Each structure stands twice: as C-alpha cells, then as structure tokens.
Amino acid sequence: MCCVSRLTAGMLCRPSHASSGCQITNLQQTAAMRGYRTIKYTLFVFCYFFWVVSAILTAVGIYAKIAKEKDVVDTLTVDPALLLIVVGSLMFLITFLGCFGALRNATCLLKAFVGTLTTVLILQVTAGVVGYVFTDKVMERTEKLMMKAIVRYREDRDLENAIDFIQKKFQCCGVQRYKDWNQNIYFECSDTNPSLEACGVPFSCCIPVQNQTVLNTMCGYGMQQLDAGPAGQDVFTIGCLEKIIWWAKNNLLLVAGLTAGLLLLEVCMISLAAVQISRIQKVQQQKKESSARAAAVRKDSYWYPAFADFDDD
C-alpha cells in the first residue's frame, strides 16, 4: 500500500497555477501531513508500548508454565501462568495489528485493530454492567473460584505465591474466614490427616512480628483448633474476600480512575486508528480524482496533423 506521503506528492500545485494560490495549497498540504504524522506516530507509540508489555507477559507465562511439573493446575481460572499466556497473547495480537497498521498505513490491519479493540471495549463495559446488576451472583462465583484456589494450594507454586501475596497484602486468611483452610488436604483438621500442617493455616496468615529476623513458617500450626478470639492474637481471622471488598470501597476513586483511564485509553486508540483510516482513504480518493483529471487533460490536448479529416473520427 502506498504511503500517504507518496499519495500527496502527486497532489502538489502545478506550475501553471498562480504563485500565491500554489503557496497556500502547499502550506495546507504541509499542515495536513504534519497532523497526519502526529496521529500516525502517536498511535504507533501507544501500540508499540503495549506490544512490548504483552510480549513480556507472554514470555513470563510460558517460562512459568514450562518450569512447572506436568501434573499441576492447568485451568485458566486458578493458574496464573496460563492466565498470563492468554492475556499476553491477546494483547500481542491486538497491538500487532495497530502497530504495523499505523506504521505501514495498512487500512486492512487498522480496520482489524479497530474492530477487535471495539469488541474488547464493549465486552469490558458489558461485564461491568452485568457485574453491577448481578452483584450477588458475581460474589458467589468469585467465592467459589477463591475456594477452588485454596483447595489447590501447594499443587502449583505460582498459585501458592499468589495466595500468600494476597493474604499478606490484605492481612486476611481464607475466603470468608481462617477456617476455610480446612478444605485443603494439607491443612484439613481431621485425625486421619498425616500432614504436619493439619488444623493449621499458611504462614502468610500470621500477624507479622516486629523486629523478626527469621521467618517462622510454622506460626499457623494448630490455629483452626482455636476460636476466632484466641486465634486472632497470632493470625488474621477475617477472610480475603471481605478485605478485598472493603479495600475497593475505601479506594473507590482509585479503582474508578484506573478503570476510566483504561477505557479512555482504548477509546483514544480506536479514535486515532479511525482518523488514520479516514485520512488514508481520503488521500487515495483525491489521487484517483487527480489522475482522472490529468487523463482528461491529456486526452483533450491531442495534436492533430494539418488537413486531418475529422469526419472519420
């Protein structure tokens, strides 16, 4: 596909035009080209940045997946590595379309980019509306997913690290309460459980001790046998679901700002791509019209020999 700079090259003023009119036209074309290049390279920079980020996410996910054992968790909802691969690959494809479509002035790639990103934007807005309308069902589904992650704790190192991070960050334990860890076979509180961690909770549930130089990984042993009051002196007893909801409500402006910023960025990228497509098509149409006019002028300026018999034409 011809670049827009090439297309506009054929639209410069002809020497036969008046000099003042020619200069005005050239200035207009220069300003239009500058505006187009600003749109083009702004879209390219945005897409290139997210293209690199998506490549890193995909690479990290693939590395984590390969490094795991073959019989570990392999479901999208509770496998961080698989989630990184899927999200990273989707971002890579979308930003590839925008990046090379903007750079090469390829309307087919830009149209695919606009269509795909618009679909993603609509799905995001729809998910937000559905989540708001059916809050109870969403919370129920989220609780089941979190409980499923607790059940598979110790089976996947990435999942284990993610749960430990959440429990430390939000100072919580379990989904609804600390005794949810009874659902895990390693922490199950039963006489037939041979695990040393039976009736306990992970160390990430423990309340940090000031000036502690050595991490006590056995601080959660036997905590399920205690009531919330006595256990609360050593471990967090409130579930992570409640703590996450509480954090979101107290940081509502931050959550709303990040969400609005993401949606606004997507709208801006869609708008930039749509404007670039419109500019390319406009220049292509102008070039066709200019070529048609030039062909008509050449046809009208044919030289005929003297004493030609025009009746024969």
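Note that the structure is a prediction, hence the values are computed from the model and not measured.

## With respect to the environment of Leu 83
- Locating Leu 83 in the fold gives a position in helix α3 (residues 80-104).
- The exposure class of Leu 83 is partly exposed, given its relative accessible area of 40%.

## Examining the confidence of the model for the protein chain
- Taken as a whole, the protein chain shows an average pLDDT of 84; of its residues, 83% reach a score of 70 or greater.
- In this model residues 1-18 is a low-confidence stretch, pLDDT under 50, and it forms 30 contacts with partners more than four residues away in sequence or in other chains.

## Digging into the nonpolar core
- Judged by nonpolar contacts, the single largest core of 22 residues is most densely connected at Leu 43, Leu 110 and Phe 113.
- Dropping the residues within four chain positions of it, Phe 113 is found in contact with Leu 43, Cys 47, Ile 94, Leu 97, Gly 98, Met 269 and Ala 273.
- Membership of the second largest hydrophobic core comes to 20 residues, among which are Met 147, Ala 149, Cys 206 and Cys 219.

## Considering helix α4 (residues 107-133)
- Compared with an ideal rise of 1.5 Å per residue, which puts 27 residues at 39 Å, α4 spans 38 Å between its outermost C-alpha atoms and is within 8% of the ideal.
- Within α4, the full set of buried residues consists of Thr 107, Leu 110, Phe 113, Val 114, Leu 117, Val 120 and Leu 121.

## Topic: the pattern of salt bridges
- For the structure on display, the rule yields 4 salt bridges.
- Here Arg 154 and Glu 197 are joined by a salt bridge, their closest N and O atoms 2.3 Å apart. You can see Arg 154 sitting in the loop between α5 (135-151) and α6 (157-170) and its partner Glu 197 sitting in the loop between α6 and α7 (228-231), a full 43 residues away along the chain.
- Overall, the relative accessible area of 15% leaves Glu 197 in the buried class.
- For the salt bridge of Arg 157 with Glu 160, the shortest nitrogen-to-oxygen distance reads 3.4 Å. Separated by 3 residues within a single helix, Arg 157 and Glu 160 lie in helix α6, roughly one turn from each other.
- Overall, Glu 160 belongs to the buried group, its relative accessible area being 6%.
- When salt bridges with common partners are traced through the structure, they connect Arg 154, Arg 157, Glu 160 and Glu 197 into a single cluster.

What counts, and where the lines are drawn
Residues numbered from 1 in each chain as written. Predicted model: local features only at pLDDT ≥ 70, side-chain atom pairs only at ≥ 80, totals over all residues. Heavy atoms only, no water. Helix = DSSP H or I, 4+ residues; strand = E, 2+ residues; numbered from the N terminus. Buried < 20%, exposed > 50% of the residue type's maximum accessible area, 1.4 Å probe, protein only. pLDDT = per-residue confidence, 0-100. Contact = heavy atoms within 4.5 Å. Core = buried A, V, L, I, M, F, W, Y, C linked by side-chain atoms within 4.5 Å. Expected span 1.5 Å × (residues − 1). Salt bridge = Lys/Arg side-chain N within 4 Å of Asp/Glu carboxyl O.

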